[in-house]
Amino acid sequence: MIKKVTIIGSGVMGRGIAQSFAVGGFPVKVNDIKETFLEAAEKSIDQNLALLVHSGELRDDEKRDAKGRIAYTADLKDAIRNADLIIEAIPEVLEMKWALYKDLEQYKKPGAVVSSNTSTFPISKLTEQTAFNGDFLITHFFNPAHLVPLVEIVKQDETKQEIVDDVVGLLKRIGKSPVVLKKEVNGFIANRLQTALMREAFSLVGQGVADAEDIDTAITAGPGFRWAFVGPTRIADLGGLDTWKRVFDNIAPDLDKSDGAPEIINRLVQANKLGVKTGEGLFKYGKHEIQTVINQRDDYFVKLGRIKKVNEF
Ligand SMILES: NC(=O)c1ccc[n+]([C@@H]2O[C@H](COP(=O)([O-])OP(=O)(O)OC[C@H]3O[C@@H](n4cnc5c(N)ncnc54)[C@H](O)[C@@H]3O)[C@@H](O)[C@H]2O)c1
């Protein structure tokens, strides 16, 4: 039974994951390599909790309780000593993850489950040096992790079925929507689907068919509007598979099939136009606009999350 959770790495993902468990009622320890990183994470969690209060999602006392459930420590041994589940959310650098896993294996309590938030490494690669006796799996959260429900779970032959069941149950209890992959595949499910769509989106911009803003509207007001509740396979059933056969046969030959990053992305990255990080990407962002754009996004996600909670298909 998982009761205590530790998150290693308090960056973009770790802080959101920690917040999800704390709001869900679980005591959480957050670990990072420097106190200053932990202070930044605490501040960000505080702001995100305040946004949930502002939008009516949490009461003030619930915010206070959630805050009180999170302890921050730069001492790894202290962070993991009593943890039943340790979620690794450190940078996507294999050697860093391997080095951490050696410490975890040495200091975690027997039977504690370890999971990685990796977005790209196969589970077999992650466990090449430290197998964790079957107590290891991937739990892939989505950004912003405190708001997006999906968590993809990847197991391997060695992973004990009871820990998969335990983690799935735990994630459901904190309001997440876990999906367990039946087998390992590069990019898991959601990023494969998303990348397929993004490749075509950037290709259409590159061909001059539409500008970035219109591409976004074509998705958010069209397929994206439907997908929040009705997924693509159900959409196909509802539309008629004979119709979808014609759609595929007529359009698929024309779709972009390039096997690397789109030309536009390569060009923008080369020019250090990385999006909100540098103030310009596909769009330009004024100095004070960035936080507004992020708050607006989070506000939309909170509202959508509320509708989804009561209306699951
Ligand atoms: N950013 C995303 O959108 C996203 C989405 C899904 C999955 N992921 C995955 O989640 C993981 C974390 O990504 P992120 O974007 O949060 O990274 P990040 O760089 O924002 O945060 C990583 C944190 O880990 C800390 N860290 C580094 N080594 C550590 C160690 N040995 N012990 C404790 N803390 C350590 C760093 O100081 C940093 O605060 C990666 O595997 C990434 O691929 C990221």
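Fair warning: this is a prediction, and the values are worked out from it, not measured in the lab.

Asks: I'm lost on the overall build of the chain in this one. Help?
Replies: A count of helical and extended segments in the chain gives 14 helices and eight strands. Radius of gyration (C-alpha) of the chain: 21 Å, near the 20 Å computed for a compact globule of 313 residues. Seen along its three principal axes, the alpha-carbon backbone of the chain occupies a region of about 55 × 45 × 45 Å. Restricting to contacts in the chain with at least 6 residues of sequence separation, those with at least 24 account for 67%. Here the chain has roughly 18000 Å² of accessible surface; of this, 55% comes from carbon and sulfur atoms. Averaging the coordinates of the 42 positive side-chain charges in the chain and doing the same for the 44 negative ones gives two points 3 Å apart.

Asks: What should I look at first to understand the pairing of strand S7 (residues 150-154) in this one?
Replies: Consecutive side chains along a regular strand alternate between the two faces of the sheet. Most of S7 is tucked away, with four of its five residues classed as buried. Where strand S6 (residues 136-141) and S7 come together, four bridges link them in antiparallel fashion. Of the residues in S7, the one forming a bridge with Phe 141 is Val 151. Where S7 lies against strand S8 (residues 177-180), four bridges are found, and the strand directions are parallel. Bridge assignment links Glu 152 to a residue of S8, and that residue is Val 179. Handedness of the crossover is the feature at issue here: the chain leaves S7, passes through helix H7 (residues 161-173), returns alongside S8, and the resulting connection is right-handed.

Asks: Help me out: how do you make sense of the site of the ligand in this one?
Replies: Among the 22 residues in the neighbourhood of the ligand, the closest are listed as Met 13, Asp 32, Glu 92, Lys 97 and Ser 119. Here an oxygen atom of the ligand and a backbone polar atom of Val 12 are 3.0 Å apart. Contact distances for the ligand include 2.8 Å between an oxygen atom and a side-chain N or O atom of Lys 97. For the ligand, whose accessible area on its own is 830 Å², the fraction buried by protein is 76%. When contributions to the shell around the ligand are tallied by element, the ones reaching two or more residues are helix H1 (12-23), helix H5 (94-107) and S6. Classifying every residue of the shell around the ligand gives ten nonpolar, nine polar and three charged.

Asks: Looking at this model, I keep getting lost on the packing of aromatic side chains. Mind explaining?
Replies: One pass over the full model with this rule turns up five aromatic pairs. Taking the centre distance of 5.5 Å and the plane angle of 5° together, the rings of Phe 132 and Phe 136 count as stacked. The exposure classification of Phe 132 matches that of Phe 136, with both residues buried. With a centroid separation of 6.0 Å and 50° between ring planes, the pair formed by Trp 244 and Phe 248 is classed as tilted. On the criterion of helical spacing, the pair formed by Trp 244 and Phe 248 is a turn pair, its members being four residues apart in helix H12 (residues 241-251).

Asks: Looking at this structure, I do not really get the UniProt feature "site: Important for catalytic activity" (unreviewed entry) in the chain. What am I missing?
Replies: In this numbering, the UniProt entry assigns the feature "site: Important for catalytic activity" (unreviewed entry) to His 140. Within the secondary structure, His 140 is located in strand S6. Take His 140: its relative accessible area is 4%, and that puts it in the buried class. Excluding anything up to four places from it in sequence, His 140 contacts Ser 116, Asn 117, Thr 118, Ser 119, Leu 150, Val 151, Glu 152, Phe 188 and Asn 191.

Rules of the game
- Residues numbered from 1 in each chain as written.
- Predicted model: local features only at pLDDT ≥ 70, side-chain atom pairs only at ≥ 80, totals over all residues.
- Heavy atoms only, no water.
- Helix = DSSP H or I, 4+ residues; strand = E, 2+ residues; numbered from the N terminus.
- Rg over C-alpha atoms; globule rule 2.2 N^0.38 Å.
- Contact = heavy atoms within 4.5 Å.
- Areas by Shrake-Rupley, 256 points an atom, 1.4 Å probe, with all protein chains shown as cover.
- Lys, Arg positive; Asp, Glu negative; His and termini not counted.
- Charge placed at Lys NZ, Arg CZ, Asp CG, Glu CD.
- Buried < 20%, exposed > 50% of the residue type's maximum accessible area, 1.4 Å probe, protein only.
- Pairing = 2+ DSSP bridges.
- Right-handed = clockwise from strand over helix to strand, strands pointing away.
- Near = heavy atom within 4 Å.
- Polar contact = N/O pair within 3.5 Å; in protein donor to acceptor, adjacent residues only side chain to side chain.
- Nonpolar A, V, L, I, M, F, W, Y, C, P; charged D, E, K, R; others polar.
- Phe/Tyr/Trp six-rings, centres within 6.5 Å; stacked < 30°, edge-to-face > 60°.
- UniProt positions renumbered as here; feature names shortened; annotations may be inferred.

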